[in-house]
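# Structural overview
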Amino acid sequence: MNGTIRVGNLFGIPFYIHPSWFLVLGLVTWSYSSGLAAQFPQLSAGLALLLGLMSALMLFASVVAHELGHSFVAIRQGIDVKSITLFIFGGLASLEKESKTPGEAFWVAIAGPLVSLLLCGILTSIGVTTAASGPLAAILGVLASVNLALALFNLIPGLPLDGGNILKAIVWKITGNPYKGVTFASRVGQIFGWVAILSGILPLLLFGSFGNFWNLLVGFFLLQNAGNAAQFARVQEKLTGLTAQDAVTHDSPIVSANLSLREFADERVISGQNWHRFLVTDDHGQLVGAIALDNLRTIPTALWSETQVKEVMRPITESTTVQSDQPLLEVMQLLEQQKLSVLPVIRENGVLVGILEKAAIIQLLQSRTQPNPA
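Quick look at the structure, then. Everything quoted here is computed from the prediction, not taken from an experiment.

## Focus on the nonpolar core
If you look at the biggest cluster of nonpolar residues, it comprises 33 residues, and the most contacted ones within it are Phe15, Trp21, Val28, Leu36, Phe60, Ile84 and Leu86. Secondary structure elements with two or more residues in this core: β2 (13–17), α1 (20–39), α2 (45–76), β3 (81–87), α3 (102–129) and α4 (134–154). In terms of residue count, the dominant contributor to this core is α2 (eight residues). Sequence-distant contacts of valine 28, defined by excluding residues within four places in its chain, comprise Ala56 and Leu59. Ranked by size, the runner-up nonpolar core spans 20 residues in total, among them Val353, Ile361, Leu364 and Leu365.

This is how it looks when you write it as structure tokens:
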């Protein structure tokens, strides 16, 4: 993940920390230690700092527990959790895919806030039942309050917050369309983003106060991520119903394995085709490999007439191909995940259909976006 530091695994889930987290850790530690020192003057500066650091770490442990709540429910639904990341605004559990039903999506979304509310209840109960006093009571009270605030903030009904995902699941259930749920929850998230920005910028402009500066940052975070979610939902909706075969490039670069290198050069290269890599098929049209123009340089020109393409080609594994009936949305995600620009498309029997380029998907999206002429 870009800009993050991998620190290990949590229950088999890769765990990352964004560098901004260390800044927040320092600020929270300083804030907690200053508060404890002011509330309990008998504490030494070193002990107050240590207790502040412990409180800050337990706060972030609460954030991790919140994300683990989402993750465990997703795993029970058969969804892989790619990572958990701590960053300046809290935590993020990155899921492999969406839930299959609105009910399942609802439970994944609400699991995090439920964990935070549970932690709030446990910490409050510990403070009451043990009659804790002094710095321990103060720390328990702060952590309970923070978990309550974490749950309530995340329940704001706008993406990318958990409340937005809950709202998305509800709209999905009502309309039967997951993309309408994302669009609606994204718009609500953008509204809350603008409200947060105004609540941060107005005091700054009118009174020169930076007291709500955090609201400004949160507002920009909500606005950007809600907009990204809405844009991705529109792309998903346009790709619905399309398969890999729909985006195959016409006149794909395909050659027979039985061609000689001389025939290959004359028919495909010298004829003016601009491809640098060609897919190779056998007599039955099945994909057997690929040959690049650079491969020709490994064979002396004098031997081109007696050397066949199949002797020079490189094999292609099944992991680098897609089925012709595979949903185009899945293919696009595969291209992004593996950082590829092209993929061969084959039928179930291995017969090659053609090549699929990322640019072709973009063109297909643009054509479906343009209004039909009257």
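## Some thoughts on helix α6 (residues 178–207)
Relative to the 44 Å expected for 30 residues at 1.5 Å per residue, α6 spans 44 Å between its end C-alpha atoms, a close match to the ideal helical length. The backbone nitrogen of tyrosine 179 has a side-chain oxygen 2.8 Å away, supplied by the residue at the start of α6, namely asparagine 177. Looking one or two places after α6, you find glycine 208, whose phi comes out positive at around 70°.

## Remarks on the sheet that holds strand β10 (residues 352–357)
Here three strands make up an open sheet; going across it, the order is β8-β9-β10 and the pairing mixed. Edge positions in the sheet fall to β8 (322–323) and β10, since each has one partner strand and no second. Note that strand β9 (residues 342–346) and β10 share five bridges and pair antiparallel. The residue bridging proline 344 from the neighbouring strand is isoleucine 355, located in β10. The sheet contacts of helix α11 (residues 328–337) involve β8, β9 and β10, and relative to β9 the element is tilted by about 145°.

## Points about a nonpolar patch on the surface
On the surface, a cluster of nonpolar side chains totalling about 540 Å² of accessible area is made up of Trp107, Leu114, Leu117, Leu148, Leu152 and Leu155. Residue assignment for the nonpolar patch shows that the elements contributing at least two residues are α3 and α4. At three residues, α3 tops the list of elements feeding residues into the nonpolar patch. Residue position: leucine 152 is located in helix α4. For leucine 152, a relative accessible area of 51% corresponds to the exposed category.

## Focus on the packing of α1 against α4
Contact pair α1 / α4: the axes reach a minimum separation of 11 Å and the direction vectors enclose 140°. As far as their axial angle goes, α4 and α1 are oblique. The crossing of α1 and α4 is right-handed. Between α1 and α4, the residues in contact are Tyr32, Leu36 and Gln39 and Pro135, Ala138, Ile139, Val142 and Val146, respectively. Class assignment for the residues of the contact of α1 with α4 results in seven nonpolar, one polar and no charged.

About the thresholds
Residues numbered from 1 in each chain as written. Predicted model: local features only at pLDDT ≥ 70, side-chain atom pairs only at ≥ 80, totals over all residues. Heavy atoms only, no water. Core = buried A, V, L, I, M, F, W, Y, C linked by side-chain atoms within 4.5 Å. Buried < 20%, exposed > 50% of the residue type's maximum accessible area, 1.4 Å probe, protein only. Helix = DSSP H or I, 4+ residues; strand = E, 2+ residues; numbered from the N terminus. Contact = heavy atoms within 4.5 Å. Expected span 1.5 Å × (residues − 1). Polar contact = N/O pair within 3.5 Å; in protein donor to acceptor, adjacent residues only side chain to side chain. Pairing = 2+ DSSP bridges. Axes fitted to C-alpha atoms, helices over the stretch in contact; angles between N-to-C directions. Patch = residues over 30% accessible without salt bridge, like charges linked within 9 Å, V, L, I, M, F, W, Y side chains within 5 Å. Areas by Shrake-Rupley, 256 points an atom, 1.4 Å probe, with all protein chains shown as cover. Salt bridge = Lys/Arg side-chain N within 4 Å of Asp/Glu carboxyl O. Parallel < 35°, antiparallel > 145°, perpendicular 65-115°, else oblique. Left-handed = near helix turned anticlockwise from the far one by under 90°. Nonpolar A, V, L, I, M, F, W, Y, C, P; charged D, E, K, R; others polar.

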